[in-house]
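Structure assessment
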Amino acid sequence: MSGPRYHRPKRQDQRLVAFECQSCGWVSYPERKRTCKGCSAAPAEYEEVQLQERGEIKTFVVQHYLPDDIETPQPVAIVDVPQVGDGEPARIYGLLAESELDELEVGREVEARFRELFDDGDRPINSFKFAVPRGEK
Ligand SMILES: [Zn+2]
């Protein structure tokens, strides 16, 4: 016997939705900045765009000294993630997870994996990390 099935709707925060400036094409992520960093339009007019799930590491650093409750070493990267379709990529700052340090290099393709980052007591903070795709080393 099985109970009713519930389908969890795909949540907004589980997708890479970014905001493209309608004046210059600069892509804002994760939030919609009032002032466009590309052309300084304020308030900038944005249109929602969908990003791909994979991008390319532009640069990264490995943090070794962090508060005790944070796992180290902790790599963080700036990743250019192309849009689905045409347009500028979004430049996204994110943690790298589930990857070996020696797999990381500038130009490496990584994928966004969504998960609960931590729970601040009131609500879970959902976000994503980048990781080297498995089986493609
Ligand atoms: Zn702009």
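Let us look at the structure shown here.

The rules behind the values
Residues numbered from 1 in each chain as written. Predicted model: local features only at pLDDT ≥ 70, side-chain atom pairs only at ≥ 80, totals over all residues. Helix = DSSP H or I, 4+ residues; strand = E, 2+ residues; numbered from the N terminus. Buried ≥ 20, exposed ≤ 12 C-beta atoms within 10 Å, placed from the backbone. Contact = placed C-beta atoms within 7 Å. Pairing = 2+ DSSP bridges. Core = buried A, V, L, I, M, F, W, Y, C linked by C-beta atoms within 7 Å.

A word on the overall build of the protein. Regarding its fold elements, the protein presents zero helices and eight strands. Mapped in sequence order, the helices and strands of the protein form the string β-β-β-β-β-β-β-β. Within the protein, the fraction of its 137 residues that count as buried is 20%. Looking at the protein alone, contacts between residues at least 24 apart form 47% of all its contacts between residues at least 6 apart.

What holds strands together in a sheet is hydrogen bonding between their backbones, with the strands either parallel or antiparallel. Taken in spatial order, the three strands of this open sheet run 2-1-3, and their pairing is antiparallel. Each having just a single partner strand, strand 2 (27–28) and strand 3 (46–50) make up the two edges of the open sheet. Here strand 1 (residues 17–21) pairs with strand 2 via two bridges, running antiparallel. Paired with Glu20 across the bridge in strand 2 is Val27.

Because side chains alternate across strand 5 (residues 74–81), one face comprises the buried residues Pro75, Ala77, Val79 and Val81, and the other comprises Gln74, Val76, Ile78 and Asp80, none of which is buried. Across seven bridges, the pairing between strand 4 (residues 54–63) and strand 5 is antiparallel. In the sheet register, Val61 faces strand 5, and the bridge partner there is Val76.

Ala18, Val27, Leu51, Val79, Val81, Ala90 and Phe130 are the most contacted members of the largest nonpolar core, which has 22 residues in total. In contact with Phe130, other than residues within four places in its own chain, are Ala77, Val79, Gly94, Leu96, Val110, Glu111 and Ala112.

Its location among the elements puts Cys39 in the loop between strand 2 and strand 3. On the basis of neighbour counts, which here come to 13 C-beta atoms within 10 Å, the residue Cys39 falls in the partly exposed class. Residues Cys39 and Ser23, 16 residues apart in the sequence, show an inter-C-alpha distance of 7.5 Å.

What follows is about the pairing of strand 1. Of all five residues in strand 1, four are buried; the element is thus mostly enclosed. The pairing of strand 1 with strand 3 spans five bridges and is classified as antiparallel. Paired with Ala18 across the strands is Val49, a residue of strand 3.

Turning next to the environment of Thr72. Looking at where Thr72 falls in the secondary structure, it is placed in the loop between strand 4 and strand 5. A tally of 12 C-beta atoms within 10 Å means that Thr72 is categorised as exposed. Spatially, the C-alpha atoms of Thr72 and Val62 are 8.7 Å apart, while their sequence positions differ by ten residues. Other than its neighbours up to four places away in sequence, Thr72 contacts Gln63, His64 and Leu66.

Below, the discussion takes up unusual backbone geometry. Across the junction of Tyr29 and Pro30, the peptide omega takes the value 5°, indicating a cis bond. Its place among the elements puts Pro30 in the loop between strand 2 and strand 3. Residue Pro43 follows Ala42 across a cis peptide bond; omega there is -10°. Looking at the secondary structure, you find Pro43 in the loop between strand 2 and strand 3.

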